[in-house]
Amino acid sequence: MKKTLLATSALIGASVLAAGAANAGEAPVVSFSGALSYEYIFVDNDTRGVNGTDGHVLTANEQQSELVWDARGTADNGLEYGANIQWRAMGVDAGTGAFDEAYLDFRGSWGRLFVGSEDGVDGLIIPDANGIQVGTWGTDGNGANRAENTMNNIGVNTGSGYYHDPAHYTGDSAKIGYLTPSFGGFQAGVSFAPDPNDDTRSDFAEDGSSNGVELAAAYNGDFDGIGFGIGASYGFAEANQTGTSLNGLEDIESWRIGASVSVAGFSFAADYLDNGDSSCAANSATCDAGDGWSVGAAYSFGPAAVSASWQTFEENDGANDIELDVFHAGVNYQVAEGLSARINGYHLSGDTSAATGSEDSSVVIVGTRVTF
């Protein structure tokens, strides 16, 4: 797989060089856009600390607050090329921002090649329930730390249990990827991340996993005003061994399938993921990296939109059965062009067979966002 991907990159790279100065074309056109989102968050958690927090906070949502520079150009030989840089405030009390995504891409009738910190092909073309949620985008809009006590106390895998990503998901890690053009609505792609845990700048440290590969295929069509999409992804990576895993870890291998339907302002979507025994101790007879469902619906009417979703995830860490259910509902209102207001609510219900038992959290988010 890696040899094939590298060979493809070499061929496209050679075509870029072959264009030469004679085919330089015009200079790329640069566009600038951005957004800033602020939220007032109220949290009621079963195990909130007595001191240090009062259950509500005013904060920026860093996943919805960023500056974006995008440069696009076309060479005389028809090669479309570009660079995209997204700058975002990162983490609690972050003094400075950091790159979120930063990548180069090249396009033509042959498809799209991208290099850098861009989503893997799973995140680019597979439909899911989060994709139709409004306001905070369901569990894909930086809500995990809003009720992290529940997840921390039951020990659930936050990436799969809350964000509902398969174990092979490589996020914005530095990678090289390719997407075919759409053939009658069908599209496929592959991406490769040497270190799925490294973003813009990578090193040779082995931290978590390595050589992450994502394969994905999807179909999107419209039938008499009814939009339909379906896709599936499969991925694998090497689980790096550490001093605490002397018996070795199972390599990462997982898959996901998703579908969506839209008609007359209504949207429906669902997805399922199965992580198999990814990163489980090789000598464990009970470890299960988990599987789960997510379903959602949304309706848009004029400047307003509403949505709701439910997702569930179950796993076994080798000693305990763990389950997390997340319910979400949201309302978004477009006040003016570039200005929106929203209210979102969550209820997280976690359970484990360990002594810590069950944990529940309720979260209400009131927010506004300006895009420009």
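Everything below is about the structure shown above.
Please read these numbers as outputs of a predicted model, since none were measured by experiment.

Criteria and thresholds
- Starting from 1, residues in each chain are numbered consecutively following that chain's sequence as written.
- Predicted model: local features are reported for residues with pLDDT of at least 70 only, side-chain atom pairs are reported and counted for 80 or more only, and whole-chain, interface and lining totals are derived from all residues.
- The side-chain values count all of the structure's non-hydrogen atoms but skip hydrogen atoms and water molecules.
- Numbered from the N terminus, helices here are DSSP runs of H or I no shorter than four residues, and strands are runs of E no shorter than two.
- Only protein chains enter the calculation, and the probe is 1.4 Å; a residue is then buried if its accessible area is under 20% of its type maximum, exposed if over 50%, and partly exposed in between.
- Only one rule defines a salt bridge in this text: a Lys or Arg side-chain nitrogen within 4 Å of an Asp or Glu carboxyl oxygen.
- DSSP calls a pair of strands paired once it identifies at least 2 bridges connecting them.
- Counting of polar contacts relies on pairs of N or O atoms within 3.5 Å, with two restrictions inside protein: one atom must be capable of donating a hydrogen and the other of accepting it, and residues adjacent in sequence are counted only when both atoms are side-chain atoms.
- Residue contacts are counted whenever heavy atoms from the two residues lie within 4.5 Å of one another.
- For patch building, the residue pool is restricted to those with more than 30% relative accessible area and no salt bridge; the joining distance is 9 Å between like charges and 5 Å between nonpolar side chains (Val, Leu, Ile, Met, Phe, Trp, Tyr).
- A 1.4 Å probe and the Shrake-Rupley method give the accessible areas. Residues count as covered only by the protein chains that appear here.
- Two aromatic rings from Phe, Tyr or Trp, using only the six-membered ring of Trp, form a pair when their centres are within 6.5 Å; if the ring planes differ by under 30 degrees the pair is stacked, by over 60 it is edge-to-face, and anything between is tilted.

On a plain count of helices and strands, the protein comes out with four helices and 17 strands. Of all 372 residues assigned to the protein, the portion counted as buried reaches 44%.

A few words now on the pattern of salt bridges. For the structure shown, the criterion picks out 11 salt bridges. Salt-bridge contacts for Arg256 lead to Asp271; the nearest nitrogen and oxygen are separated by 3.7 Å. One end of the pair, Arg256, is in strand β11 (residues 252-263); the other, Asp271, is in strand β12 (residues 266-274), with 15 residues separating them in the sequence. In this pair, the class of Arg256 matches that of Asp271, namely buried. Shared partners join several salt bridges into a network, and the residues in it are Asp70, Arg72, Asp105, Arg107, Arg112 and Glu118.

With nine bridges connecting them, strand β3 (residues 66-74) and strand β4 (residues 80-89) associate as antiparallel partners. What sits directly across from Glu66, in β4, is Arg88. Connecting the antiparallel pair β3 and β4 is a turn made up of five residues, with Gly78 showing a positive phi of about 95°.

The next thing to look at is unusual backbone geometry. Located in the positive-phi region is Trp137, a residue other than glycine, with phi close to 65°. Its identity is not glycine, yet His164 carries a phi of approximately 60°, on the positive side.

Let's shift gears to the pairing of strand β10 (residues 226-239). Relative to β10, strand β9 (residues 209-223) is paired through 13 bridges, and the arrangement is antiparallel. Counted as the bridge partner of Gly221 is Phe228 from β10. Hairpin geometry of β9 and β10 is characterised by an intervening segment of two residues between the two adjacent antiparallel strands and by a positive phi of about 55° at Asp224. Alignment of β10 against β11, held across 11 bridges, turns out to be antiparallel. Bridge pairing in β11 places Gly227 opposite Ser262.

Note on placement: Thr312 falls in strand β14 (residues 304-316). Under the relative-accessibility criterion, Thr312 is labelled buried at 12%. A polar side-chain atom of Thr312 sits 2.7 Å from a polar atom in the side chain of Asp325. Setting aside residues no more than four positions away along its own chain, Thr312 makes contact with His164, Asp291, Gly292, Trp293, Glu323, Leu324 and Asp325.

Turning our attention to a nonpolar patch on the surface. A cluster of nonpolar residues, Val30, Phe32, Trp69, Ile85, Trp87, Phe99, Tyr333, Val335, Leu339, Val370 and Phe372, forms a patch on the protein surface that exposes about 1000 Å² of accessible area. Where the nonpolar patch is concerned, the elements lending two or more residues are β1 (29-45), β4 and β15 (321-336). When you line up the elements, Trp87 lands in strand β4. Among the residues examined, Trp87 registers a relative accessible area of 35% and is labelled partly exposed.

On to the environment of Gly225, then. Within the element layout of this structure, Gly225 appears in the loop between β9 and β10. When the C-alpha positions of Gly225 and Val263 are compared, they lie 6.5 Å apart, and in sequence the two are 38 residues distant. For Gly225, the residues in contact, after removing those within four places along its chain, are Ser262 and Val263.

A few words on the side chain of Gln86. Position of Gln86 among the secondary structure elements: in strand β4. One polar contact links Gln86 to Asn84, side chain to side chain, over a distance of 3.0 Å. In contact with Gln86, other than residues within four places in its own chain, are Glu66, Leu67, Val68, Ala98, Phe99, Asp100, Glu101 and Tyr103.

Let's shift gears to the packing of aromatic side chains. Across all of its chains, the model carries 12 aromatic pairs by this definition. An angle of 55° between the planes, with centres 5.5 Å apart, marks the rings of Trp255 and Tyr272 as tilted. With Trp255 in strand β11 and Tyr272 in strand β12, the pair connects residues that are 17 residues apart, well separated along the chain. Judged by relative accessible area, Trp255 falls into the partly exposed class, the value being 37%. Summarising the aromatic geometry, the rings of Phe266 and Phe268 are spaced 6.4 Å apart at their centres and angled 5° between planes, so their arrangement reads as stacked. When its relative accessible area of 37% is taken as the criterion, Phe266 is described as partly exposed. What links up through ring pairs into an aromatic cluster is the set Phe266, Phe268, Tyr299 and Phe301.

Turning our eyes to something else, we now look at the environment of Val156. Residue position: Val156 is located in the loop between α3 (148-154) and α4 (158-161). On the basis of relative accessible area, Val156 is assigned to the buried category, the value being 7%. Here the alpha-carbon distance between Val156 and Leu324, two residues 168 residues apart in the chain, equals 7.2 Å. Ignoring anything within four residues of it in the chain, the contact list for Val156 reads Met151, Gly161, Phe313, Glu315, Ile322 and Leu324.

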